[in-house]
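Reading the structure
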Amino acid sequence: MPLTTRGAVLRQAPGTYEVVELELDDPRQGEVTVKLAASGLCHSDDHAATGDVPVGIYPFCGGHEGAGVVTAVGPNTPGYEVGDHVVFSFLPACGKCEFCAQGIQNLCDLGATLLTGARANDPTSFRLSLDGAPVGQQCGISTFAEYTTTSVDSVVKIDKDVPLDVAALLSCGVPTGWGSAVNSAGVRPGHTVIVMGIGGIGANALQGAAHAGASTIIAVDPVPFKREQAKLFGATHSYATIDEAADYARSMTNGQGADSVIVTVGVTQGEHVAQALAAIRKAGTVVVTGLGDITALGAPIPLGELTLYQKRIQGSLFGEANPAHDIPNLLRLYQRGLLKLDELITTRYTLDQVAEAYEDMHAGKNIRGVIVFD
């Protein structure tokens, strides 16, 4: 019999998350059911609520950053057992497609199905339902639910001694931000780096830049609280505007500008990319990690400057992370005291407070809010 679980759904976009009783499928072959311990409140789920990121079906159960304990394993599914602790990866990795074979798991072909809400191998099959009608799963996992059933391609087993509330942040925010600096920007010792937007992604971009050896790490955010918090994660300087940050970067580099700017603004627009491009040196890199309206076109950039100064604009999905390797690796850094995770969590909420949590996010009150389940 299907399991009944409470989950936060959108009935439309624009819309607000509301908690309802859902029916959840038992796991099939290659699937597991997980009891959620915690779920991060990432801006991407708010993009689904505003309509900036369209989804394939409504109702749609949100959440793509979480961790929990396996409660059931599908038939003929080796490698997993009840009681395993797992972190979800919002990007599944099949391990077989061309991109996984190249070690670029964040671009796995399964990613094409993430906003349909259905099983990856059957667009008519949904793991969740409400009053007999199908409910879409965010990224195939829906961590805004007490229980969820998902493919093993979307989970990574972790040590049982890692607290699950902080482990949940490894599903998205930590690898995305950290990898934006280390992998996408290619930060090296002595670099000058600017991070635009200090939320759950930007804070980890600061950590990644620090780990990579950047000597000047400049945080940009209009919210004083976030500029102050940026110091915890490696920022050497902070400013309210990108213009101020760019001026300081030039003053430290003989007028050249930053080696890289990482754009992690909550609602990223073309103007942010243009501002970042103006702030980097010749042969510098702009990393665009933030999302806005994904159908929007254009950034007002001077093409001559892009060409003649050999500047680079680099998109970054999940910080170019390989979930099966990078999630455990980042957790090892945490266990050794080299990566801050506990400090990322500003406020803990119950599932029923999900709408309030996003109001707090819009108000700039959190680096990362987390839903904690009983």
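It should be noted that the structure appears before, not after, this text.
On a predicted model such as this, the values are computed, not experimentally measured, just so you know.

Details of the overall build of the chain
Secondary structure assignment for the chain yields eleven helices and 18 strands. Here the C-alpha atoms of the chain give a radius of gyration of 20 Å, agreeing with the 21 Å that 2.2 N^0.38 yields for 374 residues. Across the 374 residues in the chain, those meeting the buried criterion constitute 55%. As presented, the chain carries roughly 15,000 Å² of accessible surface, and 52% of it is formed by carbon and sulfur atoms.

A look at the pairing of strand β18 (residues 368-372)
In terms of burial, β18 is a largely internal element, four of the five residues being buried. Inspection of the sheet shows strand β17 (residues 345-349) paired to β18 by four bridges, in the parallel sense. What sits directly across from R348, in β18, is V370. Following the backbone out of β17, through helix α11 (residues 354-362) and into the adjacent parallel β18, one traces a crossover that is right-handed.

A word on the packing of aromatic side chains
With the rule as written, the count across this model stands at five aromatic pairs. Ring plane angle 80 degrees and centroid distance 5.0 Å describe the contact between F90 and F318, whose orientation is recorded as edge-to-face. On the criterion of sequence distance, the pair formed by F90 in the loop between β6 (85-88) and α2 (98-101) and F318 in the loop between β16 (312-315) and α10 (323-335) is long-range, its members being 228 residues apart. For the pair Y239 and Y248, a centre-to-centre distance of 5.9 Å together with 40 degrees between the ring planes defines the contact as tilted. According to the relative accessible area criterion, Y248 is buried, its value standing at 19%. Lying over the aromatic face of Y80, K157 brings its terminal NZ or CZ to 5.4 Å of the ring centre.

Considerations on the pattern of salt bridges
Opposite charge on two side chains makes pairing possible when the charged atoms of those side chains draw close. Under the criterion given, the structure shown has 14 salt bridges. A salt bridge links D25 to R119; the shortest N-O distance between them is 3.2 Å. Within this pair, whereas D25 is found in the loop between β2 (18-24) and β3 (31-40), its partner R119 is found in the loop between α2 and β7 (128-130), the two being separated by 94 residues in sequence. Where R348 meets D165, a salt bridge forms, and the shortest distance between an N and an O atom there is 2.8 Å. Of this pair, R348 sits in strand β17 while D165 sits in helix α3 (residues 164-167), and the two are 183 residues apart along the sequence.

Digging into the environment of T176
When you line up the elements, T176 lands in helix α4 (residues 173-184). Of the residues examined, T176 reaches a relative accessible area of 6% and is grouped as buried. Each C-alpha atom of the pair T176 and I104 lies 14 Å from the other, and the pair is 72 residues apart in sequence. Ignoring sequence-local partners within four residues, the contact set of T176 consists of F90, I201, T289, F318 and G319. A polar side-chain atom of T176 sits 2.7 Å from the main-chain carbonyl oxygen of C172.

A few points about the layout of surface pockets
Counted as a void, the second largest pocket has a volume near 390 Å³. Together, 22 residues line the second largest pocket, and A120, N121, R127, S151 and D153 are the ones closest to its centre.

Structural notes on the pairing of strand β5 (residues 66-73)
Sheet analysis places β3 next to β5, joined by seven bridges and oriented antiparallel. By the bridge assignment for β5, T33 is matched with A72. Alignment of β5 against β6, held across three bridges, turns out to be antiparallel. From the neighbouring strand, A67 faces β6, where its bridge partner is V87.

Things to note about the side chain of S129
Turning to its location among the elements, S129 is positioned in strand β7. Taking the relative accessible area as the measure of exposure, S129 reaches 16% and is therefore buried. S129 has contacts with L22, E23, P134 and V135, leaving out every residue within four places of it along the chain.

So, the nonpolar core
Grouped together as the largest cluster of nonpolar side chains are 44 residues, with contacts concentrated most on L206 and L341. Every element with two or more residues in this core is listed here: α3, α4, β11 (192-196), α5 (200-211), β12 (216-220) and α10. For this core, the element with the highest residue contribution is α10, accounting for five residues. Among all residues touching L206, those that are not within four sequence positions of it are V195, I198, I217, A219, A230, F233 and A235. Within the second largest apolar cluster, 35 residues are counted, among which are L10, L41, C42 and C172.

Criteria and cut-off values
- Residues numbered from 1 in each chain as written.
- Predicted model: local features only at pLDDT ≥ 70, side-chain atom pairs only at ≥ 80, totals over all residues.
- Heavy atoms only, no water.
- Helix = DSSP H or I, 4+ residues; strand = E, 2+ residues; numbered from the N terminus.
- Rg over C-alpha atoms; globule rule 2.2 N^0.38 Å.
- Buried < 20%, exposed > 50% of the residue type's maximum accessible area, 1.4 Å probe, protein only.
- Areas by Shrake-Rupley, 256 points an atom, 1.4 Å probe, with all protein chains shown as cover.
- Pairing = 2+ DSSP bridges.
- Right-handed = clockwise from strand over helix to strand, strands pointing away.
- Phe/Tyr/Trp six-rings, centres within 6.5 Å; stacked < 30°, edge-to-face > 60°.
- Lys NZ or Arg CZ within 6 Å of the ring centre and 35° of its normal.
- Salt bridge = Lys/Arg side-chain N within 4 Å of Asp/Glu carboxyl O.
- Contact = heavy atoms within 4.5 Å.
- Polar contact = N/O pair within 3.5 Å; in protein donor to acceptor, adjacent residues only side chain to side chain.
- 1 Å grid on protein atoms, 1.4 Å probe; cavity = no way out; pocket = protein on both sides within 12 Å on 5 of 7 lines; lining within 4 Å.
- Points joined across faces, edges and corners; volume = space filled by probe spheres on them.
- Core = buried A, V, L, I, M, F, W, Y, C linked by side-chain atoms within 4.5 Å.

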